[in-house]
Every structure is written in structure tokens, then in C-alpha cells.
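# Geometric and topological summary
Residue strings, one per chain:
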Amino acid sequence: MLEISGLHFGYGEREVLRGIDAKLQPGTLCGLFGPNGSGKTTLFKCCLKLLATPAGTVHIDGLDVAGLSAGEMARRVAYVPQEHDSPFPYLVKEIVLMGRTPHMGRGLFEIPEADREAVAEALDAVGIGDLADARYDQLSGGQRQLVLVSRAIAQRTPLIVLDEPTSALDFDNQVRIWRILHRLAMEGTTVLACSHDPNHVAWFCDRVLVLDRGRIVVDGSPEAAITESTIRSLYEEACQVSRINGLPVVIPGFAGSHRMRAPMASRIR
């Protein structure tokens, strides 16, 4: 469980988070949605204890993160950054094995069989078992992102926080990752994933937190959060929210407009 109470944070005199309150129960897949600069990444860093908060608290499984060591944090929360470049030519399986570090003993050379199995299961869960012996630094950006998700799964924490987990992936792998996150939530893991795509949070999440200018402006189901009025309040462009096979689909307000297509047609001529 993740509980955030009265959280404030700023860089110098610039206030970024203004009284954030949220409580996520175990087994929840929650989407954090909002425009650039709204404070999403800063909120993640405060939850992960990477930034010291001047006011407010963050609790994971009932424990105040302010009193947890780095090792205790790593056993309770896994983090998937938006991108990661390794300066060393690690193999994929070695990157994923790093997720097991919080659970390992002090031995330097012997890797317990349980940890090897956890790595293999995490690679298979994301569908990249065939990349286990590939060099991480020679993979595409999308493949590296899949490896980082595998590492978080191998860490086996009650909470996983992901910053734009599908931004570098093609459509097929985007859907694959969101389905994996949904399955993890069904198995009891609390998942908090940031996304700029309103359709992703509407299609896959149980709950949505909409963040704007450092405040949570909407907290509810995807149906209640991803609406035309919400999107209009965040962005200048108008949008339409339709439904296809029961799913909400957000499209630009100008989609299908002949006036938008005409200039392009004239340029083609």
C-alpha cells in the first residue's frame, strides 16, 4: 500500500508539489496523468526518497519512508525510469539480476538458485528470454525499457513505480507492458505508472490521478478522470472522448476535419 499525505516540495522558491494526498490499496494499477511540468517525476522522486520533502509524509506498507534505509526501500519499492544508459557492457540477465540485490546475502561470487529462477521468470514475463545473453548497451531503446521492467519484476516488491514505461515502445509492446502491469496488480502488487497518453490510463488502469500544476485535480476511475472537460482543462487543444467496444478513446477535436486536411492536400499538389 502507498499512502501520501500533505506532500509539498519545491526547487528553491518554485513550488512544484502543493499538498498531495493519495492512498493506493494493494492490487491497484494507478495511472498518474498530467502535462509536462505538472510534477509527476518530482512526485515519484519524493515517494522513492530521492528528494527530501519539507512537508508531508509517504508511507509504504504502513512504514514512513523517511525512516527506511536504502536497502529497506529497495525491498519495498521498485522503480522503472523513463530511460537508462549503462556505461558498462552488462548482459541483459545481469541487469535483471540487479533487481535481486536487495534480497541477496553478502556473497560476492555465488548466486542463489532462487535468484536465477526469479531472473528467468522476469525475462519470460516480458517476453525477452531470448535476449538474456545479449549486451544491454547494444539494444534498442525499446528493448532496454523492456529489460528495466523485467528488473523491477525480478525485484518482487509490493510497490512498483514506473515513469513513462512505454514511451519508447511500439504499439504491440506498449500493450504487452500494460497487460503485464495489469496482471501484477491482479496478483496483489501496487503499481503506479506515469503516462502522457490518456488512452493508456483509460484502457488499462483501475484508478487515475490527474496532476496539474503540482496538485491532484482529479482522483477516480478512468471513466470519471479521462473526460473531455478534464483534457480541456489541461491542454489548449480540444478533444473528443468516444467509446469503441465499451472502451473510452480520446481523439483530437480536429480529427476528421476537412479544414485540417486541405492545407496538406494543397502542399502535396
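Procedures and definitions
Residues numbered from 1 in each chain as written. Predicted model: local features only at pLDDT ≥ 70, side-chain atom pairs only at ≥ 80, totals over all residues. Heavy atoms only, no water. 1 Å grid on protein atoms, 1.4 Å probe; cavity = no way out; pocket = protein on both sides within 12 Å on 5 of 7 lines; lining within 4 Å. Points joined across faces, edges and corners; volume = space filled by probe spheres on them. Helix = DSSP H or I, 4+ residues; strand = E, 2+ residues; numbered from the N terminus. Nonpolar A, V, L, I, M, F, W, Y, C, P; charged D, E, K, R; others polar. Pairing = 2+ DSSP bridges. Expected span 1.5 Å × (residues − 1). Buried < 20%, exposed > 50% of the residue type's maximum accessible area, 1.4 Å probe, protein only. Arc of directions from axis to C-beta. Salt bridge = Lys/Arg side-chain N within 4 Å of Asp/Glu carboxyl O.

## Points about the layout of surface pockets
In this structure, the largest pocket spans a volume of roughly 320 Å³. Every residue lining the largest pocket is counted, 15 residues in all, and those nearest its centre are A70, A74, V77, Y79 and Q155. Elements supplying a minimum of two residues to the lining of the largest pocket: α2 (70-74), β6 (77-80) and α5 (141-155). Ranked by residue count, the leading element in the lining of the largest pocket is α2, at 4 residues. Looking at the lining of the largest pocket, its residues break down into 10 nonpolar, 4 polar and 1 charged.

## Overview of the sheet that holds strand β2 (residues 14-24)
Sheet strands associate in pairs through backbone hydrogen bonding, adopting either a parallel or an antiparallel arrangement. The strand order β2-β1-β4-β5 describes an open sheet built from 4 strands, whose pairing is antiparallel. The sheet terminates laterally at β2 and β5 (63-64), the two strands that pair on one side only. The pairing of strand β1 (residues 2-11) with β2 spans 8 bridges and is classified as antiparallel. Bridge assignment links Y11 to a residue of β2, and that residue is R14.

## Regarding helix α4 (residues 113-126)
If you check α4, its first and last C-alpha atoms are 20 Å apart, about what 14 residues at 1.5 Å a residue would give, namely 20 Å. Those residues of α4 that sit buried are D115, A118, V119, A122, L123 and V126. When α4 is viewed along its axis, its buried side chains cluster within an angular range of 130° and face the same direction. Once α4 ends, the next one or two residues include G127, with phi positive near 80°.

## Thoughts on the pairing of β1
Between β1 and β2, which pair antiparallel in sequence order, lie 2 residues; one of them, G12, sits at a positive phi of approximately 65°. Summarising the sheet, β1 and strand β4 (residues 55-60) pair through 5 bridges and their orientation is antiparallel. Note that in β4 the partner of E3 across the bridge is H59.

## Section: the pattern of salt bridges
If the charged atoms of two oppositely charged side chains come close together, the side chains can form a pair. If you walk through the whole model with that rule in mind, you get 8 salt bridges. Residues R100 and D115 are paired through a salt bridge, measuring 2.7 Å at the closest nitrogen-oxygen approach. Taken as a pair, R100 in the loop between α3 (92-97) and α4 and D115 in helix α4 lie far apart in primary sequence, 15 residues in all. Neither R100 nor D115 differs from the other in exposure class; each is buried.

## Considering unusual backbone geometry
Although it is not a glycine, R156 adopts a positive phi angle of roughly 55°. Locating R156 in the fold gives a position in the loop between α5 and β7 (159-163). Backbone geometry at E164 places phi at a positive 50°, although glycine is not the residue there. Inspection of the secondary structure assignment puts E164 in the loop between β7 and α6 (171-186). Relative accessible area serves as the criterion here: at 8%, E164 is assigned to the buried category.

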